[in-house]
Amino acid sequence: MPRATFHFPRGFLWGTATSSHQVEGYNRNNQWWAWEGQPGKILNGDRSGAACDWWGGRWREDFDRAAESAQNAHRFSIEWSRVQPLPDRWDETALDRYREMARGLNDRNMTALITLHHFSDPLWLAEQGGWENERAAELFPVYARKTVEALKEYCNLWVTLNEPSLYAILSYLMGDFPPGKKDLKSTARVMANLVRAHAAAYQAIKEVQPVARVGIAQHYRGFRPATRSPFDRLAARLFHNYLNDAFPRALQTGRLRFPSGNANIPQAKGTQDYLGLNYYTEELVAFKPGRTADLFTRRFYDPAYEVSQGGFIANVPQGLFRALEWCHGYNLPIVITENGVNDSQDGLRPRYLVEHLHQVWRALNNNYPIKGYFHWTLVDNFEWERGWSQRFGLWELDVETLARRKRPSADLYAEICRANSISTEIVERYTPELLAKLFPD
Ligand code: FCB
């Protein structure tokens, strides 16, 4: 077997990603907290509760863990409902707390990548109709400006919106996220308002901080036709168009193409400095006219791939390569803003991690301008409608005691970050089952 080392570029960002509602605890003033309180909304009736207690200060120990593990960057999000608890009230102490966190990263020689909206909305906004109300697109840039003014000393890399198309679809079409609507027209309206909000926030951020690099974190799910049938192909194409492509395309062209909601939003054109990619998996799509609830499809994982606990995520590393190929078509720098797998036993995660990073390396060899990789996630956290059932952390969290325990993948990732490369030796030690695949004769 040949021995080799896959090198990453100098200055490559290695980190993990988190989001406010999932880690902070007691975010009582957003729409998710209210949703969690309603019976039947969250698996097993779980509540976010204290979450990982970051608001109580445990971000410090978790940032220490990340820094000691050779991560040189971290992506976290600001909770809008803390910064602006009421429409006419700004909470400067909350902003101070976030300043402390961002500085905390810098003090540990880590680059901060900050998200301004990661699924959670202030309750007052939800009560005004949330993102269906056009006002949201005017209010968001005001909050963005305020936040960037407060944090600009410590950060110049921003994500305005996390997974805007997934947020719109899960909240307004599938009904899994609050407000639990199932209405295509509302979804289209929300998509358009999110595009407007991003465009206005982009301008606001640039005014406050001309050197800022601003983008979105786009959820990309691979959709491949289950057969060669033209119907399956069309179905896969439509899923790709609307879930993956519509939003960033609108930021490229100023035109949103979405069912029952095409919109010209010229001010959005050219409002991305980089493309953030959240990639987890790829699925097969078969056209099934009778299945209205599933948007006339059956979607499933190719049995050739290993799946995570509960069948949640299939390990399709080549899908990441394909996603990066798609990103490359945008002609922008690329940041992998999320990638990871739920695995409380850490049996699949080491393989998943190494194989996905190997695909990142392949894409870099094609000269795709990939600037960094953020693994989801640092420590187990509150996984939205799936509650505490899904464990994505490099560190395990005991939800009762808040104790953290390192999973083997944390050491594996640390070795890769420290070496800025993946070597035969690392693979031999952590994932020997991949040796023949990654280093073929
Ligand atoms: C992404 C979300 C993130 C987390 C992971 C598992 O879609 O952005 O908050 O839930 O999935």
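Residues numbered from 1 in each chain as written. Predicted model: local features only at pLDDT ≥ 70, side-chain atom pairs only at ≥ 80, totals over all residues. Heavy atoms only, no water.

Caption draft 1: Seen up close, the overall build of the protein chain. In terms of helices and strands, the protein chain carries 15 helices and 15 strands. Relative to the globule expectation of 22 Å for 441 residues, the C-alpha radius of gyration of the protein chain, 21 Å, shows essentially globular dimensions. Projecting the C-alpha coordinates of the protein chain onto the three principal axes gives extents of approximately 65 × 55 × 45 Å. With 441 residues in all, the protein chain has 61% of them scored as buried. Taking all contacts inside the protein chain whose residues are at least 6 apart in sequence as the whole, residues at least 24 apart take part in 74%. Here the protein chain displays about 16,900 Å² of accessible surface, and carbon together with sulfur accounts for 48% of that area. Charge-centre separation for the protein chain: the mean point of 53 positive side chains lies 5 Å from the mean point of 51 negative side chains. (Helix = DSSP H or I, 4+ residues; strand = E, 2+ residues; numbered from the N terminus. Rg over C-alpha atoms; globule rule 2.2 N^0.38 Å. Buried < 20%, exposed > 50% of the residue type's maximum accessible area, 1.4 Å probe, protein only. Contact = heavy atoms within 4.5 Å. Areas by Shrake-Rupley, 256 points an atom, 1.4 Å probe, with all protein chains shown as cover. Lys, Arg positive; Asp, Glu negative; His and termini not counted. Charge placed at Lys NZ, Arg CZ, Asp CG, Glu CD.)

Caption draft 2: Structural detail: the side chain of His-219. Assignment of secondary structure puts His-219 in strand β6 (residues 213-225). Side chain to side chain, His-219 and Glu-163 meet in a polar contact 2.9 Å long. The contacts of His-219, once residues within four sequence positions are left out, are Glu-163, Leu-166, Leu-243, Asn-244, Asn-278 and Tyr-280. (Polar contact = N/O pair within 3.5 Å; in protein donor to acceptor, adjacent residues only side chain to side chain.)

Caption draft 3: Expanded view of the environment of Lys-406. Of note, Lys-406 is situated in strand β14 (residues 404-406). As a C-alpha pair, Lys-406 and Val-379 span 27 residues in sequence and 8.9 Å in three-dimensional space. If we ignore the near neighbours within four places in the chain, the residues touching Lys-406 are Leu-394, Trp-395 and Asp-411. Among the polar contacts listed, one links the side chain of Lys-406 to the side chain of Asp-411, at a separation of 2.9 Å.

Caption draft 4: The arrangement of the nonpolar core in detail. With 133 residues, the main nonpolar core has Trp-131, Trp-158, Leu-256, Leu-277, Leu-357, Val-360 and Ile-370 as its most contacted residues. Ranked by residue count, the leading element in this core is helix α9 (residues 184-208), at twelve residues. If we skip the residues at most four places from it in the chain, Val-360 touches Phe-8, Phe-12, Leu-320, Leu-324, Ile-336, Ile-370 and Tyr-373. Among the nonpolar cores identified, the runner-up in size contains 18 residues, and Leu-157, Val-159, Tyr-280 and Phe-312 belong to it. (Core = buried A, V, L, I, M, F, W, Y, C linked by side-chain atoms within 4.5 Å.)

Caption draft 5: Representation of the environment of Gly-37 within the structure. Mapped onto the elements, Gly-37 comes out in the loop between α2 (31-36) and α3 (54-68). Owing to a relative accessible area of 47%, Gly-37 belongs among the partly exposed residues under this scheme. Each C-alpha atom of the pair Gly-37 and Arg-213 lies 37 Å from the other, and the pair is 176 residues apart in sequence.

Caption draft 6: Representation of the site of the ligand in the model. Every residue near the ligand is listed here: Gln-22, His-118, Phe-119, Asn-162, Glu-163, His-219, Tyr-280, Glu-338, Trp-376, Glu-383, Trp-384 and Phe-392. At a separation of 2.8 Å, an oxygen atom of the ligand approaches a polar side-chain atom of His-118. With respect to the ligand, the side chain of Glu-383 contributes an N or O atom lying 2.8 Å from an oxygen atom. When isolated, the ligand has an accessible area of 290 Å², and the protein chains bury 93% of it. Split by residue class, the shell around the ligand holds five nonpolar, four polar and three charged. (Near = heavy atom within 4 Å. Nonpolar A, V, L, I, M, F, W, Y, C, P; charged D, E, K, R; others polar.)

Caption draft 7: Quick look at the pattern of salt bridges. Summed over all chains, the structure comprises 35 salt bridges. The residue Arg-249 makes a salt bridge to Asp-245 at a minimum N-O spacing of 3.0 Å. Pair noted here: Arg-249 and Asp-245 are both in helix α10 (residues 230-253), with a separation of four residues, about one helical turn. The class for Asp-245 is buried, based on a relative accessible area of 11%. Across the salt bridge formed by Arg-386 and Glu-385, the nearest N and O atoms sit 3.4 Å from each other. Judged by its relative accessible area of 28%, Arg-386 is partly exposed. You can call Glu-385 buried: its relative accessible area is 18%. Salt bridges sharing partners connect three or more residues here, namely Glu-61, Asp-62, Arg-65 and Arg-404. (Salt bridge = Lys/Arg side-chain N within 4 Å of Asp/Glu carboxyl O.)

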